[in-house]
Amino acid sequence: MQKYVKNSLTLLPFLALYFVGHQAIAQDKAARPSPPAQVTQKVGDATVSINYSQPSIKGRKVWGELVPYGQVWRTGANEATTFEVDKDVKIEGKTLSAGKYGFFTIPNEKEWTIIFNKVPNQWGAFKYDDKQDALRVNVKPKKSSKFNEKLVYEVSSKGKVGILWENAEVDFNVSK
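So, here's what we can say about the structure.

Rules of the game
- Residues numbered from 1 in each chain as written.
- Predicted model: local features only at pLDDT ≥ 70, side-chain atom pairs only at ≥ 80, totals over all residues.
- Heavy atoms only, no water.
- Pairing = 2+ DSSP bridges.
- Helix = DSSP H or I, 4+ residues; strand = E, 2+ residues; numbered from the N terminus.
- Axes fitted to C-alpha atoms, helices over the stretch in contact; angles between N-to-C directions.
- Core = buried A, V, L, I, M, F, W, Y, C linked by side-chain atoms within 4.5 Å.
- Buried < 20%, exposed > 50% of the residue type's maximum accessible area, 1.4 Å probe, protein only.
- Phe/Tyr/Trp six-rings, centres within 6.5 Å; stacked < 30°, edge-to-face > 60°.

1. Focus on the sheet that holds strand β9 (residues 141-155)
Adjacent strands of a sheet form backbone hydrogen bonds with each other and so pair up, either parallel or antiparallel. The strand order β5-β4-β10-β9 describes an open sheet built from four strands, whose pairing is antiparallel. Single-partner strands in this sheet number two, and they are β5 (94-96) and β9. Geometrically, the sheet is characterised by an average inter-axis angle of 60 degrees between neighbouring strands, direction not taken into account. Inspection of the sheet shows β9 paired to strand β10 (residues 160-175) by eight bridges, in the antiparallel sense. In the strand pairing of β10, V155 is matched with V161.

2. Considerations on the nonpolar core
Counting residues in hydrophobic clusters, the biggest one holds 35 residues, and the most contacted among them are I50, F83, I91, I114, F116, F172 and V174. For this core, the element with the highest residue contribution is β10, accounting for seven residues. With five residues, the next largest nonpolar core counts A80, F104, I106 and Y128 among its residues.

3. Some points on unusual backbone geometry
Despite not being glycine, E92 shows a phi value in the positive range, around 50 degrees. Secondary-structure assignment places E92 in the loop between β4 (89-91) and β5. Here E92 falls in the partly exposed class, since its relative accessible area comes to 35%. A positive phi angle, close to 60 degrees, is found at E166, a residue other than glycine. With respect to the element layout, E166 can be found in strand β10.

4. Re the packing of aromatic side chains
By the definition in use, this model includes 15 aromatic pairs. With a centroid separation of 5.7 Å and an interplanar angle of 80 degrees, the aromatic rings of W63 and W73 are classed as edge-to-face. Of the two residues, W63 is situated in the loop between β2 (46-53) and β3 (81-85) and W73 in the loop between β2 and β3; the sequence distance between them amounts to 10 residues. Between W63 and W112, the ring centres sit 5.3 Å apart and the planes meet at 65 degrees, which makes this aromatic pair edge-to-face. Here W63 is found in the loop between β2 and β3, whereas its partner W112 is found in strand β7 (residues 112-117), with 49 residues between them in sequence. On the accessibility criterion, W63 (9% relative accessible area) is buried.

5. Remarks on the sheet that holds β7
Here six strands make up an open sheet; going across it, the order is β1-β2-β3-β6-β7-β8 and the pairing antiparallel. On the outer flanks of this sheet lie β1 (36-43) and β8 (133-139), each paired with one strand and no other. Strand-to-strand twist in this sheet, taken as the mean axis angle between neighbours without regard to direction, amounts to 20 degrees. Examined bridge by bridge, β7 and β8 share six bridges and lie antiparallel to one another. Bridge pairing in β8 links F116 to L135.

6. Some thoughts on the pairing of β3
In the case of a regular strand, side chains alternate between the two sheet surfaces. In terms of residue burial, β3 counts as a mostly covered element, since four of its five residues are buried. Bridge analysis of β2 against β3 gives four bridges, and the strand direction is antiparallel. Paired with V48 across the bridge in β3 is V85. Here β3 runs beside strand β6 (residues 99-106); their pairing, made up of five bridges, is antiparallel.

By themselves, these figures tell us nothing about what the structure is for.
Here is the structure:
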């Protein structure tokens, strides 16, 4: 019995380190300069969830510099943004099957391409493969009604999804 207790006590520091380390990893994302964020909303009987990281402007020029025009962007920071629906929906009138997608955009001054990619778990857009795209739609950006220091996604119960950052707003519609 003493040997069992002694062996258990020697394992105790290792178990403590494991749990503390595991907790530190979970807290690590919240401490990032671009912390994680999520928005979830019912649109009809479908649930729309967007998971992303929120970059801040921090005095930088966003459009055309920090986020170059004409290039695929993860539309957030850190891991690629994900877009998930639990039912088949229509995006700008085109069918998107239920599932979890990597969400990317190609920003331009007069038109953005919204991309739903079949590979949801990616770091940034470094391994983005357009052959894995499930759907692409084009929408027009507009000036937002207010300045947004941090990137924000909004989803209304009527299905309007808004991407807002700096003085730009890019909307697309989700419907059943």
